[in-house]
Amino acid sequence: MTEPPVRPRQGPWRRAWRRFTGNRLGWRALQVFLALTLVSLFAEVLSNDKPLLVRYDGHWYVPLVQTLPETTFGGDFHTPTDFLDPYIRAKLAKPGNFALFPPNHYHYSTINYYSRVPDPAPPSRQNWLGTDDRGRDLVARLLYGFRLSVLFALGVTAVCTLGGVLYGAIQGYFAGWTDITMERFVEIWSAMPTLYLLIIFSAFFSPSIWLLLALISVFGWMGVAAYVRAEFLKNRTLDYVRAAKALGQRDRVIIFRHILPNCLTPVITLVPFEMAGAIGALTSLDFLGLGVPEGTPSLGELLAQGKNNLDAWWISLATFTVLVATLVLLILVGDALRDALDPRKALAEEAP
Amino acid sequence: MTLLQVQDLCVSFGGRRVVDRVSFTLDRGEKLALVGESGSGKTVTALATLRLHDAARLQGAVRFQGRDVLAMGPADLQALRGNEIAVIFQEPMTALNPVMTVGAQIMEALQLHKGLNRAQAREQAIAALRRVEVPEPERRVDSYPHQLSGGQRQRAMIAMALACDPKLLIADEPTTALDVSIRYQILDLLEKLRQERDLAVLMITHDLNLVRRFADRVAVMERGVLVEQGTMAQVMSAPVHPYTRKLIDSRCEREVGEPGQGCVLEGRSVRVVYPVPRPGIRGWFAKGSFTAVQGATFTLAPGETLGVIGESGSGKTSLALALLDLQKASGHIAVDGRAWVDLDAGGRRQLRRHIQVVFQDPFSSLSPRLTVEQIVGEGLAIHEPGLTRLQRRSRVLAALEDVGLGEDGPAGALLHRYPHEFSGGQRQRIAIARALVVQPRIVVLDEPTSSLDVTIQKQVLQLLAQLQRRHGLSYVLVTHDMDVVRAMAHRVLVMKDGRVVREGAVDQVLSEHLWEELGEPQAG
């Protein structure tokens, strides 16, 4: 045989991953983003107005998961204990007693009644980034708000990506009338005024994060579908698909096993950008007051507060920083992914 | 008088040297053919004389009329390109700008290099098109590339290249993308123009038939090194370097067995019709139709090869797809006596096992993200779902060894590799293994060797002939390559414009007469 010898190499996904990790900026951004997300998932342990663990009069309590009336700690009321109350604090500080508090002593809904300055309070030793105009700790609001944004974005992206891939795959693979009919539907659907619908819906239903997720997803899958459709239209006429058909392979298997892996490049590249878009959408709806219900920690609501309290610079500055950092991280990741999955770079690497 | 002198030219991309100390000269009015397989560096060498590779590092010397090209500044280089040295490329559809008319593209060079005004340039462009024998040049000058046929596009490319009266024409595979019947016309045109203007031609090609017909001298390249050069007669009749000898011997030999009795595949009045959009408002309500295959009738015996030949657009691939039931067709197509139309979906699936296919392009015919084991084993998973993993794997290994992939080492090492790790010839072997693993009776070969290098072509054809003898396979061989048909087929169908225009035993049909009918003169 005169053909050059076979060079052992890894699969296409592995090589794309290697190219991605080779991009230091993008890879670091992903690491930082994942670390922040992981930290925010443990927000209850990091920022809460209840101690994680209490020893009082020889008994152990876990207030984080238990509801303890104030009488447990020698108080007068049967209401749940307010651990920020100086009276309770003093009781817990007695010899033999012990309380392990989270690093930040406030839950997102905790109102700091013991602040000495009017709300919104500037950064201090108690409230590291100050409080908002209702006396709630900004660090806690930002931490929980970040978590909500990221989880919301993940949810929207997952629903949109799955829906879009499925829709586009069916459209592109079967082509012809199926394609035309489904494409007309997309055209009509994408012409719907999303913002008006959201306003109308927020009048009909009580606002909730799930309603928002559903509404934003329902209008967000068309971009992915368009990419997947184009890729399927291209791939369905390639010989490897014909060969699979000639073998008698079922349509479902051809779609998912043969064509789909070759169409995922644009889908994966879009994911970080879609997440950034979803965070932006949630923030702007909250900012307008059409978003999550009152009291939910939300970056958009904080931005609105910042706008209403221009002298409380710490609100807008901190929220702005968190929002921009999140979006920049996502976009850096998306940029690196796009480079890593660029077919031209893959080809250049394949050339011996 | 020496026009172009290339001395110890080295070209490197990154750290990799793709052309290694190549030297040759070209005299005024001379025809030099630079021959080699893909990846041998012949195109890189030729384009380096114009410094058309931005990323390349060039060493050595290139002198055009005594001036050192490698030392030229940008202005001199621009004056050289197009004006004194012109290039025509393999694929005129991509080398021409699709959104500019042909005339505008020819005029651009004239206005740039000769400083003509629009009216003069247009006159000259029409004259240039007339010289390259484009019919109705006054009308064609305003045509867009897609409105011209492949041959006309290549003629327009030549007109564009020659508009400024260059002294040297670099022709990079000028006929490869064209139909056989047009190839020699283009070659004759180049020869006529060369004589008229005392033009030197540097022809880059892998097709030795073209070289025999066209060149004065030949230079053979292998892996970036110029291994042999000399006059055409000398190199062709007494090649010195083993690689040259191998290239010249790569003409396929006939080693096929005798066909058996019976009929495994039958087609009666097969007709394939495509819907095409109608222009204007009528297209909203009704579709026009284009008949790709019109009433083809044939039979195929066990162990027999039926060659289907014709130019592109003659309907041969549509016919092949119809046989595989991958394309809707009317008429009667029966595999092993069972007709596709009589069967339900399950019956068709079962029948597919008996008729398999190998496509032209081994780069697109293998799923890029599946491993060799998954690709070859897929047919088994469909048609013999009862096999255990180990049984399936051993069948896959047997198929890979059957197609000669076990020769460089144990075939087991190949199972977990992906298609991109293999060369073109190896991929084509994998595609053949995928077809054979389900033990079909018929294999449809759609241009099985057209995208392979000549030496690999010969190996693949030998393999196919061996497999036919070993397993008693019947082949339907779709190709435009007369040499391949001559080497492989027992009987031949000749198609033109969707009709079968000739049919019969291979030596009867491939006679003197057929060449005239297809418009291709007898080669070499």
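Keep in mind it's a predicted model, so treat the numbers as computed, not measured.

Draft legend 1. Region of the structure containing the overall build of chain B. Looking only at helices and strands, chain B features 20 helices and 20 strands. A compact globule built from 524 residues would reach a C-alpha radius of gyration of about 24 Å, and chain B, at 26 Å, matches this within 12%. Projected onto its principal axes, the C-alpha positions of chain B cover 75 × 60 × 45 Å. Per-residue burial over chain B gives 46% buried out of 524 residues. A separation threshold of at least 6 residues defines the contact pool for chain B, and within that pool the share at least 24 residues apart is 69%.

Draft legend 2. Fine view of the overall build of chain A. Within chain A, the regular secondary structure consists of 14 helices and 3 strands. For a compact globule of 352 residues, the expected C-alpha radius of gyration is about 20 Å, and chain A comes in at 26 Å, more than 25% above that figure. By its C-alpha atoms, chain A is 85 × 55 × 40 Å across when sized along the principal axes. Evaluated residue by residue, chain A yields a buried proportion of 39% over its 352 residues.

Draft legend 3. Region of interest: the interface of chain A and chain B. Each partner contributes residues to the interface: chain A has 25 residues there, and chain B has 32 residues. At the level of secondary structure, the elements contributing two or more residues to the side of chain A that touches chain B comprise helix H10 (239–246) and helix H11 (251–288) of chain A. The element best represented in the side of chain A that touches chain B is H10(A), accounting for 7 residues. Considered class by class, the residues forming the side of chain A that touches chain B number 12 nonpolar, 6 polar and 7 charged.

Draft legend 4. Examining the environment of Ile216(A) more closely. Residues and elements named next belong to chain A. Looking at the element boundaries, Ile216 is found in helix H8 (residues 209–218). Sequence separation between Ile216 and Thr194 is 22 residues, and the spatial gap between their C-alpha atoms is 8.3 Å. When neighbours within four sequence positions are excluded, Ile216 is seen to be in contact with Val156, Ala278 and Ala281.

Draft legend 5. The arrangement of the sheet that holds strand E3 (residues 31–35) of chain B in detail. Residue and element names in this part refer to chain B. With mixed pairing, the 6 strands of this open sheet are ordered in space as E6-E7-E8-E3-E9-E10. Lying at the two open borders of the sheet, with one neighbouring strand each, are strand E6 (85–88) and strand E10 (225–231). Across the sheet, the axes of successive neighbouring strands diverge by a mean angle of 15°, strand direction being ignored. Pairing of E3 with strand E9 (residues 217–222), which is carried by 4 bridges, proceeds in the parallel orientation.

Draft legend 6. The packing of helix H2 (residues 24–41) of chain A against helix H5 (residues 138–174) of chain A, seen in detail. Residue and element names in this part refer to chain A. At a minimum axis distance of 9 Å, the contact between H2 and H5 shows a crossing angle of 115°. On the basis of the axis angle, H2 is roughly perpendicular to H5. Along this stretch, H2 crosses H5, giving a crossing that reads as left-handed. Every residue of H5 that contacts H2 at Thr37, Ser40 and Leu41 is listed here: Leu143, Phe146, Arg147 and Val150.

Draft legend 7. View of the pairing of strand E13 (residues 305–309) of chain B. All names here are of chain B. Extensive coverage of E13 is indicated by the burial of 5 of its 5 residues. Of the two faces of E13, the one carrying Thr305, Gly307 and Ile309 and the one carrying Leu306 and Val308 are both buried. With 5 bridges connecting them, E13 and strand E18 (residues 474–479) associate as parallel partners. By the bridge assignment, Val308 is partnered in E18 with Val478.

Draft legend 8. Up close: the pairing of strand E1 (residues 2–13) of chain B. All names here are of chain B. Both E1 and strand E2 (residues 16–27) contribute to a ladder of 8 bridges, which runs antiparallel. Along E2, the bridge assignment pairs Phe13 with Arg16. Where E1 folds back onto E2 in an antiparallel hairpin, the turn is made up of 2 residues, including Gly14, whose phi is positive at roughly 60°. Bridging between E1 and strand E4 (residues 56–64) involves 8 bridges; their strand directions are antiparallel. Counted as the bridge partner of Phe13 is Ala56 from E4.

Draft legend 9. Broad picture of the sheet that holds strand E12 (residues 287–300) of chain B. Residue and element names in this part refer to chain B. An order of E12-E11-E14-E15 is seen for the 4 strands of this open sheet, with the pairing classed as antiparallel. Either end of the sheet is taken by a strand with one partner, and the two such strands are E12 and strand E15 (338–339). In this fold helix H12 (residues 316–323) packs onto strand E11 (265–277), E12 and strand E14 (330–335), with an angle of close to 115° to the strand it touches most, E11.

Draft legend 10. View of helix H8 (residues 180–197) of chain B. All names here are of chain B. Over its 18 residues, H8 runs 27 Å from end to end, which matches the ideal 26 Å to within 8%, given 1.5 Å per residue. Residues of H8 that are buried: Val180, Ile182, Arg183, Tyr184, Ile186 and Leu190. Asp198 lies just past H8 and shows a positive phi near 55°.

Draft legend 11. Representation of the confidence of the model for chain B. Residues and elements named next belong to chain B. On average, residues of chain B carry a pLDDT of 85, and 97% of them reach 70 or more. Within the model, the stretch residues 520–524 combines pLDDT values under 50 with 12 contacts to residues more than four positions away or in other chains. Scored as a whole, the predicted complex attains pTM 0.77, and scored at its interfaces, ipTM 0.73.

Draft legend 12. Representation of the environment of Leu52(B). Residues and elements named next belong to chain B. Turning to its location among the elements, Leu52 is positioned in the loop between helix H1 (42–48) and E4. For Leu52, a count of 15 C-beta atoms within 10 Å corresponds to the partly exposed category. For the pair Leu52 and Arg81, spaced 29 residues apart in the sequence, the C-alpha separation amounts to 9.3 Å.

Draft legend 13. Representation of the nonpolar core. Of all hydrophobic cores here, the largest spans 145 residues; its most connected members are Leu323(B), Leu400(B), Val444(B), Val476(B), Leu477(B) and Met488(B). For this core, the element with the most residues is H5(A), which contributes 17 residues.

Draft legend 14. Representation of the packing of helix H7 (residues 150–162) of chain B against H8(B). Residues and elements named next belong to chain B. Put simply, H7 and H8 touch, their axes get as near as 10 Å, and they point 20° apart. As summarised for this structure, H7 and H8 are arranged roughly parallel, according to the angle between their axes. When you trace H7 past H8, the crossing you get is right-handed. When H7 is examined against H8, the residues Gly150, Gly151, Gln154, Arg155, Ile158 and Leu162 are found in contact with a partner set consisting of Ile182, Gln185, Ile186, Leu189 and Leu193. Here the residues of the contact of H7 with H8 are counted per class, giving 6 nonpolar, 4 polar and 1 charged.

Draft legend 15. Up close: unusual backbone geometry. A cis amide bond links Asp119(A) to the next residue, Pro120(A), at an omega of -10°. One can find Pro120(A) in the loop between strand E3 (98–100) and H5. With a phi angle near 55°, Arg51(B) is a residue other than glycine that sits in the positive phi range. Within the secondary structure layout, Arg51(B) lies in the loop between H1 and E4.

Conventions and cut-offs
- Residues numbered from 1 in each chain as written.
- Chains lettered and ligands numbered in written order.
- Predicted model: local features only at pLDDT ≥ 70, side-chain atom pairs only at ≥ 80, totals over all residues.
- Helix = DSSP H or I, 4+ residues; strand = E, 2+ residues; numbered from the N terminus.
- Rg over C-alpha atoms; globule rule 2.2 N^0.38 Å.
- Buried ≥ 20, exposed ≤ 12 C-beta atoms within 10 Å, placed from the backbone.
- Contact = placed C-beta atoms within 7 Å.
- Nonpolar A, V, L, I, M, F, W, Y, C, P; charged D, E, K, R; others polar.
- Pairing = 2+ DSSP bridges.
- Axes fitted to C-alpha atoms, helices over the stretch in contact; angles between N-to-C directions.
- Parallel < 35°, antiparallel > 145°, perpendicular 65-115°, else oblique.
- Left-handed = near helix turned anticlockwise from the far one by under 90°.
- Expected span 1.5 Å × (residues − 1).
- pLDDT = per-residue confidence, 0-100.
- Core = buried A, V, L, I, M, F, W, Y, C linked by C-beta atoms within 7 Å.

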